[in-house]
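Spelled out from the first residue to the last, the chains are:
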Amino acid sequence: MSTSSTASTYANAAKAKFNALKTQYTDEVTFWRLGYAFDTIIDYVENIDNTSAPDVGEMEVRQYQTSLAKLGGYDNAWFDDFGWWTIATQRAVEKPLFRTHRNKLLAFRSECWKRFTDNAPQVWARHKPGTYDGYRPAVEGGAWNEYWLGTSSAFPGPKDADPSTGSLQGIQNTVTNMVYLTAAQRLGLTDPAAKTAAEREYVFLSTWLWSREPGPWSQEPRLWWPQNTAGAALVRERVSHLSDGKSAPGFQSDWAWTGDQGLLLGALTDRINLDPQKYRGLLDRAKELLGGVTTLVDANGILKNWSNENVPSSDTADYSTGAGVFWRNALYAWNKNSSLKAVLSEPRYKQFLKVNADAAKNAAPTTDFNTLVNELAVLVAAARILG
């Protein structure tokens, strides 16, 4: 089969998945998932069918407003919800394809980033003294999903998180911090305040991932998780311990979310592009990460959404988005960095992509929103990379 017919095969399958996905854009889809899905749909519009851009813009604007209203407004959203929307709307407003809805999308982006950056990094600093004092973070900086119980009502956002339970609202997990880094790095190309925020967040995450400096954070295990396969690593789901060395509630040393691998790949792509010489060592980290992802598969070689069944907070609904987040960021890396494009063009990664794209192409019809986004992401990546 020629490369052109290969691309056409995957593109046609992507069109079918997109048409099915559009029917699932209802009031039942949560606010954050709409932002997460928009990122993949932008890839679809750019690479498969740019004539759909006006309808997509209208759909996204409508559902943003509807979903937010159903949630009860901005103050009821988790902070990382705003990160997903910041990333997607930032991409959209830069593209002439979405010029019809640019002003509204730009307003969404501005409000979401403000809500994210003004609150998510301040949870510890704004906690009520005398409550949860033992949950001081081991590494300065970073972001959370919600304010903790007892936080002053002067600050906007939900305040029902209890860090002692290990629930997703109250802890510093990888996804929230990766989404923050990605949003800040991209906005930071033109916004000095966002650039400062990105540098602070990068120090936080790189310390957790790779630092060997003295201090509580040098304990093992860190976020970086070398695999038994040579040259392969994964990133864990949350920070492992607090400032006094006490294990962080809910931490699992053997659990990884596939979406985190994609988010880190995208963030590394952006960081390398800022200064290829300064950050040339990050290319090796990205290669290890890609090697690690190929171990997150089932018996048929299909990428799983997570490493094992011990899903944090039993939140399988949200974590089932993992594969789509990875494939979207793999395409991003392939498009944005020539060195990573060369890696992803190696036969083993092309075969990995093909196996997964074929599975998506041949999958039975579904009405599950997350599954459709995952399938759309891998099919768009295959149409572009294998075409």
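For the structure, check the block above.
Predicted model, so just to flag it, every value in this text is computed and none were measured.

Its volume calculated, the largest pocket comes out at about 490 Å³. Lining the largest pocket are 24 residues, with R91, R186, D270, Y332 and K336 sitting closest to its centre. Secondary-structure elements contributing two or more residues to the lining of the largest pocket are α2 (31-47), α4 (79-93), α6 (174-187), α8 (258-274) and α11 (322-336). The element best represented in the lining of the largest pocket is α11, accounting for six residues. Taken together, the residues of the lining of the largest pocket sort by class into seven nonpolar, seven polar and ten charged. Its volume calculated, the second largest pocket comes out at about 420 Å³.

We now examine the packing of helix α5 (residues 102-117) against α6. Working note: a packed helix pair is described by the angle between its axes plus the distance between those axes. At their nearest, the axes of α5 and α6 sit 11 Å apart, and the two run at 125 degrees to each other. Put simply, α5 runs oblique to α6. The element α5 and its partner α6 pack so that their crossing is left-handed. Between α5, through R109, W113, F116 and T117, and α6, the contact on the second element is made entirely by T176, V179, Y180, A183, A184 and L187.

Scanning the entire structure with this criterion turns up three cavities of 30 Å³ or more. A volume near 110 Å³ is recorded for the largest cavity. Residue lining of the largest cavity: 13 residues in total, with Y135, W144, I171, Q172 and L242 positioned closest to the centre. Split into classes, the residues belonging to the lining of the largest cavity amount to eleven nonpolar, two polar and no charged. Each pocket or cavity is described by its volume, and for the second largest cavity that value is around 90 Å³.

Remark: α8 packs on α11, axes separated minimally by 6 Å, with the N-to-C direction vectors making an angle of 20 degrees. With respect to α11, the element α8 is oriented roughly parallel. Handedness of the α8/α11 crossing: left-handed. Within the contact between the two elements, α8 uses T258, G259, Q261, G262, L263, L265, G266, T269, D270 and N273 and α11 uses G322, A323, V325, F326, N329, A330, Y332, A333 and K336.

What follows concerns the nonpolar core. Ranked by internal contacts, the top residues of the largest apolar core, which has 128 residues, are F38, I41, W84, F98, W113, F326 and W327. In terms of residues, this core owes the most to one element, helix α14 (residues 369-385), which gives twelve residues. Dropping the residues within four chain positions of it, W113 is found in contact with T86, D118, Y180, A183, A184, L187, D191, A194 and A197.

You will see that S313, though not glycine, has its phi angle at about 55 degrees, which is positive. One non-glycine residue, S314, lies in the positive phi region at around 55 degrees. You can see S314 is positioned in the loop between α9 (281-293) and α10 (316-319). With a relative accessible area of 63%, S314 lands in the exposed category.

For α8, built from 17 residues, the straight-helix expectation of 24 Å at 1.5 Å per residue is met to within 8% by its first-to-last C-alpha distance of 25 Å. Of all 17 residues making up α8, 15 are buried, and the element is well covered by its neighbours.

Scoring rules and cut-offs
- Residues numbered from 1 in each chain as written.
- Predicted model: local features only at pLDDT ≥ 70, side-chain atom pairs only at ≥ 80, totals over all residues.
- Heavy atoms only, no water.
- 1 Å grid on protein atoms, 1.4 Å probe; cavity = no way out; pocket = protein on both sides within 12 Å on 5 of 7 lines; lining within 4 Å.
- Points joined across faces, edges and corners; volume = space filled by probe spheres on them.
- Helix = DSSP H or I, 4+ residues; strand = E, 2+ residues; numbered from the N terminus.
- Nonpolar A, V, L, I, M, F, W, Y, C, P; charged D, E, K, R; others polar.
- Axes fitted to C-alpha atoms, helices over the stretch in contact; angles between N-to-C directions.
- Parallel < 35°, antiparallel > 145°, perpendicular 65-115°, else oblique.
- Left-handed = near helix turned anticlockwise from the far one by under 90°.
- Contact = heavy atoms within 4.5 Å.
- Core = buried A, V, L, I, M, F, W, Y, C linked by side-chain atoms within 4.5 Å.
- Buried < 20%, exposed > 50% of the residue type's maximum accessible area, 1.4 Å probe, protein only.
- Expected span 1.5 Å × (residues − 1).

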